[in-house]
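Residue strings, one per chain:
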Amino acid sequence: MTVDTGSRVNANAGYGIRRATLFDLLAIRWLEKQVFPHDAYGLIEILVLFVSPGMHNLKLIAPDGALAGFAAAGKLFGLGRTWIVTIGIHPDHQRRGLGRWLLAECEARITTGPIYLTVRRSNARAQDLYLRNGYREFHVRRGYYPNGEDGIEMRKDLDPPGIQR
Ligand SMILES: CC(C)(COP(=O)(O)OP(=O)(O)OC[C@H]1O[C@@H](n2cnc3c(N)ncnc32)[C@H](O)[C@@H]1OP(=O)(O)O)[C@@H](O)C(=O)NCCC(=O)NCCS
């Protein structure tokens, strides 16, 4: 179970990033449907993120208090590779640097790399965000998504402890 209770505030815009809890379950489900019209996680899948040790579940709160984004990162059930399992910014709040910020906050909570993620081949916007932030394509999962689209696996190596850029 994650014990991180840290909270971050983007002073420029009044947005905040906080640890999400089970009380956010329905709001996250609603957000997932806005962000991923074809691939939204169901309640059970979201619940798994919260009961899985090793996961960091972060919510982005808009200045008016609405849920503007959600990301989950870590090792599912504490096992295997470290993944950015999901990340999404509500369409009303995209293209303001918030996705990049949420991604960075996920990475800040991960102590051992590398970090992996899978993105649709057609999702150029997300791939651009990842490429700009140090992720590199290393594998293609043919027909990974339900509609047969390929999944591009990307990976980022973390700096060894003590090295800061
Ligand atoms: C992919 C996604 C998370 C990006 O979120 P976002 O908040 O729009 O992204 P950002 O604004 O942080 O950054 C994206 C790019 O937008 C541009 N950008 C950032 N702020 C901007 C602004 N104020 N004006 C114009 N462009 C801007 C930049 O090119 C930025 O790239 P960089 O900061 O890495 O150089 C978002 O589009 C999304 O939720 N998409 C649907 C779900 C999805 O595809 N998730 C990923 C699945 S793998």
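Look above for the structure.
**So, the overall build of the protein chain**
Alright, step 1. Each helix and strand counted, the protein chain has four helices and eight strands in total.
Alright, step 2. Taken from N to C terminus, the helices and strands of the protein chain fall in the order β-β-α-α-β-β-β-α-β-α-β-β.
Alright, step 3. Evaluated residue by residue, the protein chain yields a buried proportion of 43% over its 165 residues.
Alright, step 4. Contacts in the protein chain between residues at least 24 apart in sequence constitute 55% of all its contacts with a sequence separation of at least 6.
Alright, step 5. In the form shown here, the protein chain has an accessible surface area of approximately 9,400 Å², with 53% of it arising from carbon and sulfur atoms.

**Examining the nonpolar core**
Alright, step 1. Membership of the largest hydrophobic core comes to 25 residues, with the highest contact counts inside it found for Leu60, Ile84, Tyr130 and Tyr135.
Alright, step 2. Where this core is concerned, the elements lending two or more residues are strand S2 (15-19), strand S3 (55-61), strand S4 (67-74), strand S5 (82-89), helix H3 (98-108), strand S6 (115-120), helix H4 (124-132) and strand S8 (151-156).
Alright, step 3. Among the elements that make up this core, the one with the highest residue count is H3 (five residues).
Alright, step 4. Judged by nonpolar contacts, the second largest core, of 13 residues, contains Leu49, Met55, Leu67 and Ala72.

Cut-offs and rules
- Residues numbered from 1 in each chain as written.
- Predicted model: local features only at pLDDT ≥ 70, side-chain atom pairs only at ≥ 80, totals over all residues.
- Heavy atoms only, no water.
- Helix = DSSP H or I, 4+ residues; strand = E, 2+ residues; numbered from the N terminus.
- Buried < 20%, exposed > 50% of the residue type's maximum accessible area, 1.4 Å probe, protein only.
- Contact = heavy atoms within 4.5 Å.
- Areas by Shrake-Rupley, 256 points an atom, 1.4 Å probe, with all protein chains shown as cover.
- Core = buried A, V, L, I, M, F, W, Y, C linked by side-chain atoms within 4.5 Å.

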